[in-house]
Amino acid sequence: MASEAKQQQQQQSILVTGGAGFIGTHTVLQLLNEGFRVSIIDNLDNSVEEAVDRVRDLAGSNGSRNLQFHLGDLRNKDDLEKVFSQTRFDAVIHFAGLKAVGESVAKPWLYYSNNLIGTLNLLEFMGKYGCKKMVFSSSATVYGQPETIPCVENFQLKAMNPYGRTKLFLEEIARDVQKADPDWRIILLRYFNPVGAHPSGQIGEDPKGIPNNLMPYIQQVAVGRLPELNVFGHDYPTKDGSAIRDYIHVIDLADGHIAALRKIFATDDIGCTAYNLGTGHGTSVLEMVAAFEKASGKQIPIRLCPRRPGDATAVFASTEKAQKELGWKAKYGIEEMCRDQWNWASKNPWGYRPQP
Ligand code: NAD
Ligand code: UFG
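Residues numbered from 1 in each chain as written. Chains lettered and ligands numbered in written order. Predicted model: local features only at pLDDT ≥ 70, side-chain atom pairs only at ≥ 80, totals over all residues. Heavy atoms only, no water.

Attention now goes to the UniProt feature "domain: NAD(P)-binding" (unreviewed entry) in the protein. Within this structure's numbering, the places UniProt gives as "domain: NAD(P)-binding" (unreviewed entry) are residues 15-340. Here residues 15-340 runs as 42% helix and 17% strand, with 27 Å between its end C-alpha atoms. (UniProt positions renumbered as here; feature names shortened; annotations may be inferred. Helix = DSSP H or I, 4+ residues; strand = E, 2+ residues; numbered from the N terminus.)

Okay, here's the thing in structure tokens:
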């Protein structure tokens, strides 16, 4: 990038909510590398400050100069007042939220309270301080069980559980806010299945408790923390009977946020627009296991189990809109995803925590 453009960006300050989490840390690192100033607000509910420290180190002088961390909760307006009164933000990337589907079924109030009230407070403070540009973490979950694939952004939306409903409601809220005040520019990014880690092996996904998602589970089997992988469903109408998803490298996902931010700054009539961030390729659970075994040299014992309730047979993204309008396309395939995930896992078998 031309040094003048980079210089100009250096004046741009981005607030990243949930910036200590899995996708947040990788995106903050790319933002710092691109010369943005970054403030994180995170309540460390599902993350640790060590992750932010590692991002600061990885970003070198940009990290020590341009990264601020605020321990705070979006449900607490005093925390937001403190952050917004200190810095004038040019845009917000909003990751903060709870994301475990099963937990959302058991504790719907917690999910509605955290994800909806947190976001409503954030929108209130953005409005109050005149920062009306937002990139929001949505999810492929808003496609429910798609009738046809690939999933296209103009499909009718539906949610299958309270977590999914928070994303669907928040998309609607964002559309209404923007409709009421056209100064707002909002991009809704619908992520497919983010996996992998930064190639340094210094940052990666570190879920608390038993992982819900496939790749962190496989990773914990590989390092000996769990005995075997339960493969949910082996009778799907797919080539090997297991379900198909669109896995995307977290580095590609982080780059997608930079592309969305640039689009927002450059387009005054973006309105409130949704984009898929996926690769457009489907991979089955068993193919993913085989790719991870190859990358790690470890055998992953599996147990074939019944289908997980609510799971779709096959989900993958149409990538045309993001490619055409954001100029963004995923670069990495499952080989790189598994390589980088294993690099992170083998260097940090217990995540950011020391071995108990
Ligand atoms: P994560 O849990 O690693 O990161 C979320 C961060 O938000 C955590 O650090 C957590 O402590 C923080 N947080 C939660 N509630 C907060 C609050 N009220 N105030 C301040 N901080 C709060 O999750 P992630 O995988 O990085 O996901 C980021 C976003 O992307 C989430 O909104 C999630 O729903 C969405 N998303 C994730 C996936 C996925 O598979 N990882 C897929 C689709 C969408
Ligand atoms: N799976 C297993 N064993 C496991 C975990 C998962 O076989 O231990 C299977 C699932 O049944 C599914 C596939 O692996 O077929 C992927 O499952 P994940 O839980 O990793 O991902 P999902 O596609 O179910 O959902 C994830 C997030 C959602 C998000 C969605 C789309 O959990 O929040 O991706 O972004 F909405």
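So, on to the environment of Gly72. Along the chain, the position of Gly72 falls in the loop between strand 3 (67-71) and helix 5 (77-86). According to the relative accessible area criterion, Gly72 is buried, its value standing at 8%. When the C-alpha positions of Gly72 and Asp42 are compared, they lie 5.4 Å apart, and in sequence the two are 30 residues distant. Discounting chain neighbours no more than four positions away, the residues touching Gly72 are Ile41, Asp42, Asn43 and Asp79. (Buried < 20%, exposed > 50% of the residue type's maximum accessible area, 1.4 Å probe, protein only. Contact = heavy atoms within 4.5 Å.)

Once that is clear, we can look at the packing of aromatic side chains. This model, assessed by the stated rule, comprises 8 aromatic pairs. Pairing Phe292 with Trp342 gives two aromatic rings, centres 6.1 Å apart and planes at 85°, and the pair type is edge-to-face. Taken together, the positions of Phe292 in helix 11 (residues 285-296) and Trp342 in helix 13 (residues 334-347) put the pair 50 residues apart, joining distant regions of the chain. Following the ring pairs from residue to residue traces out a cluster consisting of Phe84, Phe89, Phe125 and Tyr129. (Phe/Tyr/Trp six-rings, centres within 6.5 Å; stacked < 30°, edge-to-face > 60°.)

As a further point, take the side chain of Asp79. With respect to the helices and strands, the residue Asp79 is situated in helix 5. Buried charged residue Asp79 carries no salt bridge. Nearest counter-charge: Lys82, at 5.1 Å. A polar atom in the side chain of Asp79 sits 2.8 Å from the backbone nitrogen of Asp73. Setting aside its immediate chain neighbours within four residues, Asp79 contacts Ile41, Gly72 and Asp73. (Lys, Arg positive; Asp, Glu negative; His and termini not counted. Salt bridge = Lys/Arg side-chain N within 4 Å of Asp/Glu carboxyl O. Polar contact = N/O pair within 3.5 Å; in protein donor to acceptor, adjacent residues only side chain to side chain.)

Further remarks concern the site of ligand 2. The environment of ligand 2 is made up of 21 residues, and the closest members are Ser139, Phe192, Asn230, Arg245 and Asp311. Separating a nitrogen atom of ligand 2 from a backbone N or O atom of Asn230 is a distance of 2.7 Å. Look at ligand 2: alone it shows 680 Å² of surface, and the protein chains cover 89% of it. (Near = heavy atom within 4 Å. Areas by Shrake-Rupley, 256 points an atom, 1.4 Å probe, with all protein chains shown as cover.)

Around ligand 1, a shell composed of 28 residues is seen, among which Asp42, Asn46, Ser47, Lys99 and Tyr163 lie nearest. Asn43 places a main-chain nitrogen or oxygen 3.2 Å from a nitrogen atom of ligand 1. Asn46 places a side-chain nitrogen or oxygen 2.7 Å from an oxygen atom of ligand 1. Calculation on ligand 1 without its partners gives an accessible area of 820 Å², and the protein chains cover 95% of this total. If you list the elements that add at least two residues to the shell around ligand 1, you get helix 2 (22-33), strand 5 (133-139) and helix 8 (162-180). At 3 residues, the largest contribution of residues to the shell around ligand 1 is made by strand 5. Across the shell around ligand 1, the residue classes tally to 11 nonpolar, 11 polar and 6 charged. (Nonpolar A, V, L, I, M, F, W, Y, C, P; charged D, E, K, R; others polar.)

Here we take up the packing of helix 9 (residues 214-222) against helix 11. Running from N to C, helix 9 and helix 11 cross one another at 40°; their axes reach a closest spacing of 11 Å. Judged on the interaxial angle alone, helix 11 and helix 9 are oblique. As for how helix 9 packs across helix 11, the hand of that crossing is right-handed. Two secondary-structure elements touch here, helix 9 through Leu214, Met215, Ile218, Gln219 and Ala222 and helix 11 through Val285, Met288, Val289 and Phe292. (Axes fitted to C-alpha atoms, helices over the stretch in contact; angles between N-to-C directions. Parallel < 35°, antiparallel > 145°, perpendicular 65-115°, else oblique. Left-handed = near helix turned anticlockwise from the far one by under 90°.)

Here helix 7 (residues 108-128) is 21 residues long and its end C-alpha atoms lie 29 Å apart, about the 30 Å a rise of 1.5 Å per residue gives. Turning to helix 7, its buried residues are Tyr111, Ser113, Asn114, Asn115, Leu116, Gly118, Thr119, Asn121, Leu122, Leu123, Phe125 and Met126. Looking at the buried residues of helix 7, the elements they touch are strand 1 (13-17), helix 5, strand 4 (91-94), helix 6 (101-106), strand 5 and helix 8. One or two residues past the end of helix 7 sits Gly130, with phi positive at roughly 70°. (Expected span 1.5 Å × (residues − 1).)

Turning to the side chain of Arg54, a few remarks are in order. Tracing the sequence through the fold places Arg54 in helix 3 (residues 49-58). A polar contact of 3.0 Å, which involves the side chain of Arg54, links it to the side chain of Asn348. The contacts of Arg54, once residues within four sequence positions are left out, are Gln202, Ile203, Trp344, Asn348 and Tyr352.

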